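Listed below are the residues making up each chain.
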Amino acid sequence: MEHHSNIVPWEIISKITGSTIKYAKVNSDGTLNYDDFESKFSDKTKIASLSHVSNVSAVINDVKRIAKVAHEHGALMLVDGAQSVPHMPVDVRDLDADFLAFSGHKMLGPTGIGVLYAKKTLLEKMDPFQGGGEMIKEVSFSGAREQCDISLNDPPWKFEAGTPNICGAVALAEAVKYLEKIGMDLVQGHECYLTNYAIKRMQECSKVTLHGSTDTALKCGIIPFSVQGLSSHDTALFCDNYGIMIRSGYHCAQPLHQVFKLQSSARASFYIYNTREEIDRFVEVLKEIDQL
Amino acid sequence: MATVEDYVSRIEGACGAEKDVIVVFKYEKKDEAIANIFKRAQLTKSLAGIIFELTFKNYTFRVYSSGKAIFRSIKNKEELNGLLAEILL
């Protein structure tokens, strides 16, 4: 069920290191097959990686459960929080995540910046992945030996070589403050209300098929769907004509579309600025398609 | 003399197994582009006055009143540019 961003980097690492990647199965409703995931662990497992919330089906995964199993096998747990952090309260300590990543652009922040949380003990043990200014304490030249001695800075600066994306960081911090002021419980509540309402209304449309689980206790904020007789891009462009923006295609999750046996899908998603009235308008447009 | 670039703002390869190509016409030229296409291609279906399915030679494609068009089964950029030149210019 992973976004390509939680597949491709591992495939690249695998080719460099010769490590083996094991993929867990997804059930036909888009939920994670926990038994299969847990069966993949062995004492050789180094790291487990799982999205907290699917960016296609919005299914919320029990990453705390997987983290526990990972740690029992001596493995680390990385959580892709790009679809959870913007939409619900997330406590990295409660999840016991070793790493958790999320993006700015999904939470009112700018593109091209994100956050990687890691436990401090791990950061202290890890080597920097790039070199440059600011990530060192000292660089001293020894004339006698004709070489430089470097001492690395403390984390997180050890990993932040060069001049950073200052504008992006300031803007993302403001987005975080804005969301915290609203309260992530309220954000999640609003989205779940809208999702629940939209699922009920979309089910009134005879040509619309909803994909994945429609149980809003398991998901939040996203509804993948198809319209009979139209490709996902046709559907998106039809909605576009009425000023309604939805996404179409694979949503950077082609393997999950293979599970759903879909060529592509349309995806309605909601955030804090969306309203019940906008969903009513969206459903009116879908009903127009119904009459074609 | 007009060129395809006079009408086309950008071309996007849409993701999905369908391998659709979406052509976005320049806002100020979209009505002229659609009118030119209607002169040269055969209208086979109209959906709510929003989606127009047309055929030209062996190609079937859809034009949207918002100023976009979806082309399918296009092999490469040269083929698309050739088709656009025939239906737009």
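Definitions and limits used
- Residues numbered from 1 in each chain as written.
- Chains lettered and ligands numbered in written order.
- Predicted model: local features only at pLDDT ≥ 70, side-chain atom pairs only at ≥ 80, totals over all residues.
- Contact = placed C-beta atoms within 7 Å.
- Helix = DSSP H or I, 4+ residues; strand = E, 2+ residues; numbered from the N terminus.
- Nonpolar A, V, L, I, M, F, W, Y, C, P; charged D, E, K, R; others polar.
- Pairing = 2+ DSSP bridges.
- Axes fitted to C-alpha atoms, helices over the stretch in contact; angles between N-to-C directions.
- Buried ≥ 20, exposed ≤ 12 C-beta atoms within 10 Å, placed from the backbone.
- Domains from an automatic or database assignment.

Asks: What should I look at first to understand the interface of chain B and chain A in this one?
Replies: A common way to state how big an interface is: give the accessible area lost once the parts meet. Of the residues lining the interface, 17 residues belong to chain B; the matching set on chain A comes to 15 residues. Every element with two or more residues in the side of chain B that touches chain A is listed here: β5 (59-64) and β6 (68-71) of chain B. Partitioned by chemical class, the residues of the side of chain B that touches chain A number ten nonpolar, three polar and four charged.

Asks: Help me out: how do you make sense of the sheet that holds strand β2 (residues 76-80) of chain A in this one?
Replies: All names here are of chain A. The four strands are arranged β1-β2-β3-β4 in an open sheet whose pairing can be described as mixed. Strands with a single pairing partner mark the edges of an open sheet, and in this sheet they are β1 (47-51) and β4 (114-118). On average, each strand axis in the sheet is inclined to that of its neighbour by 15 degrees, with strand direction left out of account. In this sheet, β4 lies alongside strand β3 (residues 99-103) in antiparallel orientation, the contact comprising five bridges. Bridge pairing in β4 places alanine 101 opposite leucine 116. Against the sheet, helix α3 (residues 63-72) makes contact with β1 and β2, and its axis sits at roughly 155 degrees relative to β2, the strand it touches most.

Asks: Whenever I open this one, the pairing of β6 of chain B confuses me. Can you help?
Replies: Each regular strand carries side chains that alternate between the two faces of the sheet. All names here are of chain B. Of the two faces of β6, both are covered, the one formed by Lys68 and Ile70 as well as the one formed by Ala69 and Phe71. Summarising the sheet, strand β2 (residues 21-25) and β6 pair through four bridges and their orientation is antiparallel. Looking at the pairing, valine 24 lines up with lysine 68 of β6. Here β5 pairs with β6 via four bridges, running antiparallel. Each residue of the ladder has a partner; that of valine 63, found in β6, is alanine 69. Taking the residues that link successive antiparallel strands as the turn, the β5-β6 hairpin has three residues, and the phi of glycine 67 there is positive, at about 100 degrees.

Asks: Explain the domain arrangement of chain A to me, please; I cannot follow it from the model alone.
Replies: Residues and elements named next belong to chain A. Domain annotation for chain A reports domain 1 (4-128 + 165-182), domain 2 (129-164) and domain 3 (184-284). Facing 17 residues of domain 1, the contacting portion of domain 3 comprises 21 residues. Its residues assigned to classes, the side of domain 1 that touches domain 3 comprises nine nonpolar, seven polar and one charged.

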